[in-house]
Amino acid sequence: MRVLGINAVFHDSAAALVVDGRTVAAAEEERFSRRKHGKRPVPFSAWELPEQAIAWCLTQGGLTPDDLDAVAYSYDPALVDPSSPGLDPSWEDLRTTYASRAPQFLKTALPGYQGQSFHFVRHHVAHAASAGLAAPWGPDGSLADCAVLAVDGRGESTSMLAGEYRDRKLDLLKVQALPHSLGLLYEDLTAHLGFERSSDEYKVMAMASYGTPLHLDHFRQRVYATPEGDFRTELIDWDSFAPARRPGDAFDESHTDLAATVQAALEEVLLDLCGWLYRRTGNGRLALAGGVALNCVANTRLLAESPFSEIWVQPAAGDSGTAMGAALAVAAEAGDDLEPMTTAALGRDWSDSQIELALSTARVPYQRPADISGAAAEIIAGNGIVAWFQGRAEYGPRALGHRSLLAHPAREDNTERLNDIKGREQFRPVAPMVLSDRAAEIFDRGPIPSPYMLFVHDVAPAWQERLQAVTHVDGTARIQTVDASEDPLTAALLTAFDELSDIPVLVNTSLNTAGRPMVDSPQDALELFGSAPVDALAIGPYLVRRP
């Protein structure tokens, strides 16, 4: 069965194509349009479809619109209750109207599409399917029955789903009705701290490491799980804990302490929800999705303290992942045999000839070294910063060695250098990538392998001095392990750098600047290289050096 999945209602609009149970393509619209998150998450933008991502997915799969057996849309407008608390009565009807007309909009956006087999998939079911129907479990990495928890800001009229997948079928055990929402709670805090709602929540998570959860007792009275498996998030008077911060203003201890408090409260509620879910299912495996599942600090605590022995998090856990999840849900319902997700490299790639044409057109001097990994490693070992553009783009918000900025991890000032290049706040950490077979000697706590940067690990004391750029203020790092069998080119780079520096680790942050999507095409890479103080661009087999 050939199923096109679409996420379009809120933010991170995306498309995915599942053919005979295998995800052959998945990408966010922002990578094509160069608009961060694809569009604004407001009701009057719900008519917009990820047209360019859709067209690319079909091209990548070698399909025309007529070849599609089904289209899966990760939102069901029939489930919206306009009177539900937490919805804006002035605008929600517009969002619902636009969503219900998605089949007609698609006929315009995708010439040749005749409206065949259009499926509205419940938003949190799409989240759940993106994890529960994609997680590779056990040593053979196969699909298996598992518990599933999807937590985010909101779907149609809910903010959480807990259930279990048995034989690819979802047993829905609990949903949380609005207005109670852990995701919206974190969004409110994000806005109060002067960051962009539905975009910068990860900044709050980083800020929390600088603070102390001084107000946790108060928050426990207002943000808590119930014995029935759901939770409550009562209104918070944010000003009573810290003054509202305007974008760009400095922050003080009141802001960091408030961030630490909400982070701790979030973790406690998630732990309670996981305890309830485990008691209901008895299944030791948990698949996580939803925007809250991108909180790697919380994920690590769940793995350490919840009853679940295995936890897998969808790399595109935010709304972009619901495009894949909706398609998988429809494919599973049709009886297709599903293949687990073994890589996040599901986006666009470029041939050597296409890259060389872009370099020639830009009239930049370039060379083709015999070993691009070794050449890049030498530059980084000399404390140069390299833009690394290789293979298929990542699906989801993490740079995983395909669209990355790489630097020497032993130089503490490289954190500041990279934040300057990217134009972002200096309290923001950068992350390490490490060879899988060396990770356990360098990083304690947390799962290994950890290929998607979705957990934090303690940096071993013996290595903290040598990894100053990637060791966060609390002694942790959000690692990405690299296996040579899965990504031989990046593994070769790490090996070459290890031979030069005796450190099998590199600083890895996303290849973009503040407020812009991650670089996706050779033209995008050249624009960044031409405007930011990066020392070299390793793009395919070619190397461009700054004069």
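Residues numbered from 1 in each chain as written. Predicted model: local features only at pLDDT ≥ 70, side-chain atom pairs only at ≥ 80, totals over all residues. Heavy atoms only, no water.

*Asks:* I would appreciate a short explanation of the packing of helix 12 (residues 352-362) against helix 18 (residues 522-531) in the present structure.
*Replies:* Packed helix pairs are characterised by how far apart their axes lie and by the angle those axes make with each other. Relative orientation of the contacting elements helix 12 and helix 18 amounts to 40°, with a least axis distance of 9 Å. When the interaxial angle is binned, helix 12 and helix 18 end up oblique. Between helix 12 and helix 18 lies a crossing of right-handed hand. Only Pro522, Gln523 and Leu526 of helix 18 make contact with helix 12, whose side of the interface consists of Ile355, Ala358, Leu359 and Ala362. Residue composition of the contact of helix 12 with helix 18, grouped by class: six nonpolar, one polar and no charged. (Axes fitted to C-alpha atoms, helices over the stretch in contact; angles between N-to-C directions. Helix = DSSP H or I, 4+ residues; strand = E, 2+ residues; numbered from the N terminus. Parallel < 35°, antiparallel > 145°, perpendicular 65-115°, else oblique. Left-handed = near helix turned anticlockwise from the far one by under 90°. Contact = heavy atoms within 4.5 Å. Nonpolar A, V, L, I, M, F, W, Y, C, P; charged D, E, K, R; others polar.)

*Asks:* Just to check I follow, could you spell out the environment of Arg232 for this structure?
*Replies:* With respect to the helices, strands and loops of the structure, Arg232 is situated in strand 10 (residues 231-233). When neighbours within four sequence positions are excluded, Arg232 is seen to be in contact with Gln176, His180, Arg222, Val223, Tyr224 and Thr226.

*Asks:* How do you make sense of the sheet that holds strand 17 (residues 457-459) when you look at a structure like this?
*Replies:* What holds strands together in a sheet is hydrogen bonding between their backbones, with the strands either parallel or antiparallel. Taken together, three strands build an open sheet; the order of strands is 16-17-18 and the sheet is antiparallel. The sheet is open, and its two edges are formed by strand 16 (443-444) and strand 18 (476-477), each paired on a single side. (Pairing = 2+ DSSP bridges.)

*Asks:* So what exactly am I meant to see when it comes to the state of the cysteines here?
*Replies:* Covalent bonding between the sulfur atoms of two cysteines is what defines a disulfide. Under the defined criterion, the tally for this structure stands at zero disulfides. Of all cysteine sulfurs in the structure, the one in Cys146 sits closest to Cys274, which takes part in no disulfide; the separation is 13 Å. (Disulfide = S-S within 2.5 Å.)

*Asks:* In this structure, what is going on with the pattern of salt bridges? I would like to understand it.
*Replies:* For side chains bearing opposite charge, pairing can occur when the charged atoms are close. All chains considered together, the criterion is met by 29 salt bridges. We note a salt bridge from Asp200 to Lys203, for which the minimum N-O separation is 3.4 Å. Relative accessible area serves as the criterion here: at 9%, Asp200 is assigned to the buried category. For Glu268, the salt bridge is made with Arg220, and the minimal N-O distance between the two is 2.6 Å. Taken together, the residues Glu268 in helix 9 (residues 253-281) and Arg220 in helix 8 (residues 216-220) connect sequence positions 48 residues apart. You can call Arg220 partly exposed: its relative accessible area is 37%. Salt bridges sharing partners connect three or more residues here, namely Glu30, Arg31, Arg348 and Asp520. (Salt bridge = Lys/Arg side-chain N within 4 Å of Asp/Glu carboxyl O. Buried < 20%, exposed > 50% of the residue type's maximum accessible area, 1.4 Å probe, protein only.)

*Asks:* What is the right way to look at the side chain of Thr476 in this model?
*Replies:* Inspection of the secondary structure assignment puts Thr476 in strand 18. Accessibility expressed as a relative area gives 10% for Thr476, which makes it buried. A distance of 2.7 Å separates polar atoms of two side chains, one belonging to Thr476 and the other to Asp474. If near-sequence neighbours (up to four positions away) are discounted, Thr476 is found in contact with Arg445, Val456, His457, Asp458, Val459, Val470 and Thr471. (Polar contact = N/O pair within 3.5 Å; in protein donor to acceptor, adjacent residues only side chain to side chain.)

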